[in-house]
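These are the residues of each chain, in order.
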Amino acid sequence: MATSYFLLTVFLALASSQAIASDPSPLQDFCVADKDSPVKVNGFVCKDPTHVTADDFFKAAKLDEPRNTKGKVGSNVTLINVMQLAGLNTLGISLARIDYAPLGENPPHTHPRATEILTVLEGTLYVGFVTSNPNNTLFAKVLNKGDVFVFPEGLIHFQFNPVHDKPAVALAALSSQNPGVITIANAVFGSKPPISDDVLAKAFQVEKGAIDWLQAQFWENNHY
Ligand SMILES: *[C@@H]1O[C@H](CO)[C@@H](O)[C@H](O)[C@H]1NC(C)=O
Ligand SMILES: *[C@@H]1O[C@H](CO)[C@@H](O)[C@H](O)[C@H]1NC(C)=O
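Residues numbered from 1 in each chain as written. Chains lettered and ligands numbered in written order. Predicted model: local features only at pLDDT ≥ 70, side-chain atom pairs only at ≥ 80, totals over all residues. Heavy atoms only, no water.

**Looking at the pattern of salt bridges**
Taken as a whole and assessed by the stated rule, the structure comprises four salt bridges. Between Lys145 and Glu122 there is a salt bridge, with the nearest N and O atoms lying 3.4 Å from each other. One end of the pair, Lys145, is in the loop between strand 6 (138-144) and strand 7 (148-151); the other, Glu122, is in strand 4 (residues 116-122), and 23 residues separate them in sequence. What makes Glu122 partly exposed here is its relative accessible area of 40%. A salt bridge links Lys208 to Asp198, with the shortest nitrogen-to-oxygen separation between them at 3.0 Å. You can see Lys208 sitting in helix 4 (residues 208-215) and its partner Asp198 sitting in helix 3 (residues 197-204), a full 10 residues away along the chain. Given a relative accessible area of 48%, Asp198 falls into the partly exposed group. (Salt bridge = Lys/Arg side-chain N within 4 Å of Asp/Glu carboxyl O. Helix = DSSP H or I, 4+ residues; strand = E, 2+ residues; numbered from the N terminus. Buried < 20%, exposed > 50% of the residue type's maximum accessible area, 1.4 Å probe, protein only.)

Given below as structure tokens:
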């Protein structure tokens, strides 16, 4: 009997840990990332709290300043995650400024570890996300300055500036210290080494030549 209770407990613990895909809750007030520690944990180990100062929770990120959007997709994402701000370690949150050139876009991508809430600071954005299989429903909307939209965790989403003569700016909050980003085209067509064109031709239901052409393009990263 005791054994079966033990097995049930183990099963429930495993089941619940698999269901929780976002960051775990902190077990102390803060745990400033000690990036020099040789000890590896899920996240970063804590810096000695007696050595923590206000600067560990601070970043002069100049998020009020426009970024260069001259890249191929016409957008530039400035992410403030735990790598830029050590105090974010264990806190389950991060922030991004996104600049869009006229007709620029933040191409379809997913954050494997975070929900994202985005607000438009300047301009207009056509945004959307697609639900998982089998429905693959697109939820999309045009946002104006001051509007807010949420992209649920893990789902493929995008933002596009449909205006040809005005830039746009958005601020996004994400529910992880390290949301991660997978830009779909870059991951599929720009992997190193490349995925076999036999695999992709079948997946995309096109001739191999179309895949070879896509794989020969330069898949620029727009995240900094
Ligand atoms: C994004 O902006 C930063 C700072 O302005 C710049 O260093 C970087 O090259 C820009 N990237 C693109 C793709 O424009
Ligand atoms: C998905 O599509 C099926 C079939 O059209 C429908 O019955 C179901 O309600 C849809 N699910 C959601 C979450 O929209």
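Having seen it, we continue.
**Comments concerning the UniProt feature "binding site: oxalate" (unreviewed entry) in the protein**
Per the UniProt record, "binding site: oxalate" (unreviewed entry) is found at Asn106, His111 and Glu116. Setting aside its immediate chain neighbours within four residues, His111 contacts Glu116, Glu153, Gly154, His157, Leu174, Pro179, Gly180 and Val181. One polar contact links His111 to Glu116, side chain to side chain, over a distance of 3.0 Å. Here Glu116 shows up in strand 4. Here Glu116 falls in the buried class, since its relative accessible area comes to 2%. (UniProt positions renumbered as here; feature names shortened; annotations may be inferred. Contact = heavy atoms within 4.5 Å. Polar contact = N/O pair within 3.5 Å; in protein donor to acceptor, adjacent residues only side chain to side chain.)

**What about the site of ligand 1?**
Around ligand 1, the neighbouring residues are Arg67, Asn68, Lys70, Gly71, Asn76, Glu220 and Tyr224. Asn76 places a polar side-chain atom, nitrogen or oxygen, 2.2 Å from an oxygen atom of ligand 1. Note that a nitrogen atom of ligand 1 is positioned 3.3 Å from one of the side-chain N or O atoms of Tyr224. (Near = heavy atom within 4 Å.)

**Structural notes on the sheet that holds strand 10 (residues 182-183)**
By definition, the strands of a sheet pair up through backbone hydrogen bonds, in either a parallel or an antiparallel sense. Taken in spatial order, the five strands of this open sheet run 6-5-8-3-10, and their pairing is antiparallel. Only two strands of the sheet have a single neighbouring strand rather than two, namely strand 6 and strand 10. As paired elements, strand 5 (residues 124-130) and strand 6 share seven bridges and run antiparallel to each other. Along strand 6, the bridge assignment pairs Phe129 with Phe139. (Pairing = 2+ DSSP bridges.)

**With respect to the domain arrangement of the protein**
Split into domains, the protein comes out as domain 1 (63-180) and domain 2 (181-224). Relative to domain 2, the C-alpha centre of domain 1 lies at a distance of 22 Å. Each side of the interface is counted separately: domain 1 has 19 residues, and domain 2 has nine residues. In total, about 1100 Å² of surface goes out of reach between domain 1 and domain 2, with carbon and sulfur atoms giving 55% of it. At the junction of domain 1 and domain 2, the tally comes to zero salt bridges. (Domains from an automatic or database assignment. Buried area = accessible area lost by both parts, 1.4 Å probe.)

**A short note on the packing of aromatic side chains**
According to the stated counting rule, one finds seven aromatic pairs in the structure shown. Between the aromatic rings of Phe30 and Phe57, the centroid separation amounts to 5.3 Å while the plane-to-plane angle is 75°, which identifies the pairing as edge-to-face. Here the residue Phe30 occupies a position in the loop between helix 1 (2-19) and strand 1 (75-80), and Phe57 occupies one in the loop between helix 1 and strand 1, the gap between them amounting to 27 residues. Looking at Phe57, the relative accessible area reads 38%, which means it is partly exposed. (Phe/Tyr/Trp six-rings, centres within 6.5 Å; stacked < 30°, edge-to-face > 60°.)

**A word on the sheet that holds strand 9 (residues 168-174)**
Here five strands make up an open sheet; going across it, the order is 1-2-9-4-7 and the pairing antiparallel. Of all strands in the sheet, those with a lone pairing partner are strand 1 and strand 7, marking the two edges. Across the sheet, the axes of successive neighbouring strands diverge by a mean angle of 20°, strand direction being ignored. Note: strand 4 against strand 9, six bridges, orientation antiparallel. Looking at the pairing, Glu116 lines up with Leu174 of strand 9. (Axes fitted to C-alpha atoms, helices over the stretch in contact; angles between N-to-C directions.)

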